[in-house]
Amino acid sequence: MHAGVPVPSRIESMLRARWSDLDPEAPAILNVLQGSDAPLIWHKHSSFFDHLREVWAMLCNWEQPRDVCRLGLLHSAYSNSFVSMNCFDPVRDRPVVAALVGDEAENLIYKFCSIDRQELEEIVLRERTIRKEGYLMRHIHTGKPLAVSGVEAAAFVTETLADEADQRFGWQSDLEAGATEACWPGPVLPTLRLSRTSRLSRALYNSEIVDEVALPPIFECCSAVLDSNDEVAARDAYWRAISLSGFAPKTSESRKRNETQLAALQESSRRNRFLAEPHIVSAQCLLHLEQWDEAEAAATRGVRLLCAWGTQWDKRMPFNSWVNWARCLALQAAFCEWPTTHGGIESLGATLPRMRFRNLNTDRSMQGQ
C-alpha cells in the first residue's frame with residue numbers, strides 16, 4: 001500500500017490554515033490585524049497582512065519561542081527603518097498591542113521597529129556573530145539611545161531570516177543590482193538574497209546565544225554558508241531548466257529535452273543544496289521518463305526541504321501549491337503512473353492514497369471512459 005509523503009503536523013496546520021494549532025491566541029490576534037489596514041497594503045508579492053502571517057507561520061514552524069513568533073507577526077506594525085507604512089501608532093497604540101500579544105512580544109516589536117535594521121544587520125555580518133552584551137542603537141525617530149540586548153538582537157536576526165525568505169524574489173534582486181526602473185513583478189525569478197541570509201544565520205549560530213537545538217532548521221541548522229557565486233549559478237541553472245519546459249508538444253525530442261532539463265536541475269541542486277524546487281521539477285521530468293524510483297526520491301526530497309523552510313524559493317506559486325504538487329508527484333511515482341494527456345494531467349490532485357477516488361482521465365473529461 002502506498003502511503004504517500006507525510007508532512008509534519010505544523011506544516012499540515014499551515015496548509016489547512018488552522019492557525020490556532022500554532023498559537024491558541026492567533027485567531028484573535030489575526031482578527032485584529034485583519035481589521036487594520038494590513039490587508040489593503042501592497043507588500044512585494046502579496047499583501048502586508050499575508051506577509052506578516054506567513055513570517056509568523058514560518059517562525060512557528062521553526063519552533064521558535066512564542067514571543068519571537070509574535071514579533072514576526074507584527075514585525076513592521078509600527079513601521080520601521082525599511083518600510084514607511086504602519087498598522088499601529090508606536091506612541092498611542094503600544095498598550096493596545098501589549099494587551100494583544102503580551103508585554104515581552106510588544107517590547108520586541110517596538111524595539112525592532114525603532115532601530116536602524118540595516119545598521120544592525122551590517123554589524124552582525126561584519127563581525128560574523130551577535131554580541132552577547134548587545135548593542136546601543138539609536139532610536140530612528142527620537143535619536144535617543146536604545147539598548148538592545150544580545151538575546152533581543154538574536155530574536156531580530158531570527159525574524160529577519162524568515163522575513164527575507166518569505167518576501168524575496170528576483171524583482172528585488174534586480175533593484176539591488178541598480179535596475180530601479182524594473183517593472184514589478186517582472187518574470188518572478190527566484191531571489192539572489194540567500195547567500196546573505198545564510199551569513200546572517202551563521203552569525204546566529206556563531207553567537208551561541210540560541211541553543212543549537214533551537215536554531216532554525218535552514219542552512220543545516222544555521223551552520224552552513226551559501227557562496228554567492230554558487231547562488232547565482234544555481235538560480236541560472238534552475239531557470240534554464242524552467243525555460244525549456246511547456247513550450248512544445250510531446251515529440252521524439254521530448255526525452256532529450258527532459259534529459260537536458262535534468263542536467264540543469266542537478267547542477268542547480270549541486271550548487272545550492274538548500275533548495276527544494278530543483279528536486280520537485282526534477283521529479284516531474286523523471287516521471288516523464290518513467291523513472292519511478294528516482295522521481296519518488298526527488299519529490300520526497302523536495303517536500304522535506306520545503307517543510308524545513310516553511311516557505312517556497314520560487315515565488316511563482318504559493319507555498320501550499322508547491323508542497324501539494326511535490327506530494328502529488330511522489331504519489332504518482334509510487335503508483336508508477338504518469339498521465340500523457342491534457343485531461344489526465346488536469347485530473348491530478350491527490351497527495352495521499354485516500355484522496356484518489358477513481359482513475360485519472362485519459363481525455364479532457366470522463367466522457368467516453
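Residues numbered from 1 in each chain as written. Predicted model: local features only at pLDDT ≥ 70, side-chain atom pairs only at ≥ 80, totals over all residues. Heavy atoms only, no water.

**Remarks on the packing of aromatic side chains**
Line of reasoning, step 1. Taken as a whole and judged by the stated rule, the model has 10 aromatic pairs.
Line of reasoning, step 2. A centroid spacing of 5.9 Å and a plane angle of 80° characterise the contact between Trp42 and Trp184, whose relative ring orientation is edge-to-face. Placement of Trp42 in strand S1 (residues 42-43) and of Trp184 in the loop between helix H9 (170-176) and helix H10 (194-207) is noted, with a sequence separation of 142 residues between them.
Line of reasoning, step 3. Among the residues examined, Trp42 registers a relative accessible area of 45% and is labelled partly exposed.
Line of reasoning, step 4. The partly exposed category is assigned to Trp184, whose relative accessible area is 43%.
Line of reasoning, step 5. Counting every residue linked through ring pairs, the aromatic cluster contains Trp42, Phe169, Trp171 and Trp184. (Phe/Tyr/Trp six-rings, centres within 6.5 Å; stacked < 30°, edge-to-face > 60°. Helix = DSSP H or I, 4+ residues; strand = E, 2+ residues; numbered from the N terminus. Buried < 20%, exposed > 50% of the residue type's maximum accessible area, 1.4 Å probe, protein only.)

**Brief notes about the pattern of salt bridges**
Line of reasoning, step 1. The full count for this structure, using the stated rule, is 26 salt bridges.
Line of reasoning, step 2. For Asp163, the salt bridge is made with Arg117, and the minimal N-O distance between the two is 3.0 Å. Of this pair, Asp163 sits in helix H8 (residues 150-167) while Arg117 sits in helix H7 (residues 117-127), placing them 46 residues apart in sequence. Comparing Asp163 with Arg117, the two get one shared label, buried.
Line of reasoning, step 3. Within this structure, Glu164, Arg168, Glu176 and Arg193 form a network of salt bridges that share partners. (Salt bridge = Lys/Arg side-chain N within 4 Å of Asp/Glu carboxyl O.)

**Concerning empty space enclosed by the protein**
Space left empty within the atom packing is revealed by a probe, the size of a water molecule, rolled over the atoms.
Line of reasoning, step 1. In total, this model carries two cavities of 30 Å³ or more according to the counting rule given.
Line of reasoning, step 2. The wall of the largest cavity is formed by 19 residues, among which Ala165, Leu194, Trp309, Gln312 and Trp313 lie closest to the centre.
Line of reasoning, step 3. Mapped onto the lining of the largest cavity, the elements with two or more residues apiece are H8, H10 and helix H15 (292-309).
Line of reasoning, step 4. When grouped by side-chain class, the residues that make up the lining of the largest cavity number 10 nonpolar, four polar and five charged. (1 Å grid on protein atoms, 1.4 Å probe; cavity = no way out; pocket = protein on both sides within 12 Å on 5 of 7 lines; lining within 4 Å. Points joined across faces, edges and corners; volume = space filled by probe spheres on them. Nonpolar A, V, L, I, M, F, W, Y, C, P; charged D, E, K, R; others polar.)

**Things to note about the layout of surface pockets**
Line of reasoning, step 1. As a volume, the second largest pocket reaches approximately 410 Å³.
Line of reasoning, step 2. Lining the second largest pocket are 20 residues, with Arg53, Glu54, Pro318, Phe319 and Asn320 positioned closest to its centre.
Line of reasoning, step 3. Counting residues per element, the ones that place at least two in the lining of the second largest pocket are helix H1 (9-16), helix H3 (48-61) and helix H16 (319-334).
Line of reasoning, step 4. Partitioned by chemical class, the residues of the lining of the second largest pocket number nine nonpolar, six polar and five charged.

**Topic: the nonpolar core**
Line of reasoning, step 1. With 109 residues, the main nonpolar core has Leu33 and Trp56 as its most contacted residues.
Line of reasoning, step 2. Not counting chain neighbours up to four residues away, the residues in contact with Leu33 comprise Ala38, Pro39, Phe49, Leu52, Leu73, Leu74, Cys87 and Phe88. (Core = buried A, V, L, I, M, F, W, Y, C linked by side-chain atoms within 4.5 Å. Contact = heavy atoms within 4.5 Å.)

**Some thoughts on the state of the cysteines**
Line of reasoning, step 1. One pass over the structure, following the stated rule, counts zero disulfides.
Line of reasoning, step 2. Its sulfur unpaired, Cys328 is 15 Å from the next cysteine sulfur, which belongs to Cys336.
Line of reasoning, step 3. The class of Cys328 is buried, set by a relative accessible area of 2%. (Disulfide = S-S within 2.5 Å.)

**Overview of unusual backbone geometry**
Line of reasoning, step 1. Looking along the chain, the bond that leaves Trp184 and enters Pro185 is cis, with omega of -5°.
Line of reasoning, step 2. Along the chain, the position of Pro185 falls in the loop between H9 and H10.
Line of reasoning, step 3. Its identity as a non-glycine residue notwithstanding, Glu290 has a phi of 60°, on the positive side.
Line of reasoning, step 4. Turning to its location among the elements, Glu290 is positioned in the loop between helix H14 (277-288) and H15.

**Here's the deal with the environment of Gly349**
Line of reasoning, step 1. When you line up the elements, Gly349 lands in the segment after helix H17 (342-346).
Line of reasoning, step 2. The exposure class assigned to Gly349 is partly exposed, which follows from its relative accessible area of 48%.
Line of reasoning, step 3. Taking C-alpha positions, Gly349 is 25 Å from Arg255, a pair spaced 94 residues apart along the chain.

**Regarding the side chain of Arg168**
Line of reasoning, step 1. Structurally, Arg168 is set in the loop between H8 and H9.
Line of reasoning, step 2. Looking at Arg168, the relative accessible area reads 14%, which means it is buried.
Line of reasoning, step 3. A polar side-chain atom of Arg168 sits 3.1 Å from a polar atom in the side chain of Glu176.
Line of reasoning, step 4. The residues contacting Arg168, other than those within four sequence positions of it, are Glu176, Thr191, Arg193 and Lys315. (Polar contact = N/O pair within 3.5 Å; in protein donor to acceptor, adjacent residues only side chain to side chain.)

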